[in-house]
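One-letter residues, chain by chain:
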Amino acid sequence: MTVVLGPDDAIDPGWAMAGSMTEVSDLVRAGRTVVVTLPEEPTEAVAAAAVFAWAGARVFRAAPGTARDVRLAVEMTESLAGRRPPALTRRGLA
């Protein structure tokens, strides 16, 4: 389950906030659902979302204009990590 929230949306009290890769990794290993707040700048938000998703974060707080791009980056990262099937597969012939 991946959730992209707005900056002012409420979070579940059982979720854990993290601000670094180390915190995300430690909380994921402990079995917690991790929330990260992404930067305002769109390119930075997408890059940070991909990195945090790779580490196992599941909830992302994004600026209103970046939510769609953040979701796409997280879905792509989840597919690359093998935790989600790709949206489209094609067989390549060499």
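Residues numbered from 1 in each chain as written. Predicted model: local features only at pLDDT ≥ 70, side-chain atom pairs only at ≥ 80, totals over all residues. Heavy atoms only, no water.

**Some remarks on the overall build of the chain**
Rules: Counting from the N terminus, the helices are DSSP H or I runs at least four residues long and the strands are E runs at least two residues long. Between the two quantities, the radius of gyration covers C-alpha atoms and the globule rule is 2.2 Å times the number of residues to the power 0.38. Think of it in three bands: with a 1.4 Å probe and only protein chains considered, a residue is buried below 20% of the maximum accessible area for its type, exposed above 50%, and partly exposed in between.
Helix and strand content of the chain: 3 helices and 4 strands. Seen in sequence order, the chain has helices and strands lined up from the N terminus as β-β-α-β-α-β-α. Against the 2.2 N^0.38 benchmark of 12 Å for 94 residues, the chain shows a C-alpha radius of gyration of 14 Å, consistent with a compact globule. Taken along the three principal axes of its C-alpha coordinates, the chain extends 50 × 30 × 20 Å. Per-residue burial over the chain gives 34% buried out of 94 residues.

**Notes on the sheet that holds strand β4 (residues 59-61)**
In plain terms, the rule: Paired strands, as defined in this entry, are two strands with at least two bridges between them according to DSSP. Helix axes use the C-alpha atoms of the stretch in contact, all axes being lines fitted to C-alpha atoms, and the angles between their N-to-C directions lie in the range 0 to 180 degrees. Between two residues, a contact is recorded if the distance between any of their heavy atoms is within 4.5 Å.
The 4 strands lie next to each other as β1-β4-β3-β2, forming an open sheet whose pairing is parallel. At either margin of the open sheet sits one strand with a lone partner, and together these are β1 (3-5) and β2 (16-18). Direction aside, neighbouring strands of the sheet carry axes that sit 25 degrees apart on average. When β2 meets strand β3 (residues 34-37), the two strands line up parallel, connected through 3 bridges. Paired with Ala-16 across the bridge in β3 is Val-34. Against the sheet, helix α1 (residues 21-29) engages β2 and β3, with an angle of about 155 degrees to β2.

**Topic: the nonpolar core**
Nonpolar side chains in soluble globular proteins tend to end up buried together. Here is the rule: The definition of a nonpolar core used throughout is a set of buried Ala, Val, Leu, Ile, Met, Phe, Trp, Tyr and Cys residues joined through side-chain atoms within 4.5 Å.
By size, the foremost hydrophobic cluster in this structure holds 17 residues, and its most contacted members are Val-24, Val-36, Leu-38, Phe-52, Ala-57, Phe-60 and Val-70. Listing elements by their share of this core, those giving two or more residues are β3, α2 (42-55) and α3 (67-80). Counting residues in hydrophobic clusters, the runner-up holds 5 residues, among them Leu-5, Trp-15, Val-35 and Val-59.

**A short note on the environment of Gly-65**
Tracing the chain through its elements places Gly-65 in the loop between β4 and α3. The exposed category is assigned to Gly-65, whose relative accessible area is 72%. In sequence terms Gly-65 and Gly-6 are 59 residues apart; their C-alpha atoms lie 9.5 Å from each other.

**Overview of the pattern of salt bridges**
Where we set the bar: A pair is scored as a salt bridge if a Lys or Arg side-chain nitrogen falls within 4 Å of a carboxyl oxygen belonging to Asp or Glu.
Using the criterion set out here, one finds 5 salt bridges in the structure. Put simply, Glu-75 and Arg-84 hold a salt bridge, and the shortest N to O gap is 3.8 Å. Judged by relative accessible area, Glu-75 falls into the partly exposed class, the value being 25%. Two residues, Glu-78 and Arg-83, come together in a salt bridge whose shortest N-O distance is 3.1 Å. Given the relative accessible area of 41%, Arg-83 is considered partly exposed. Beyond isolated ion pairs, a larger network of salt bridges with shared partners links Arg-58, Glu-78 and Arg-83.

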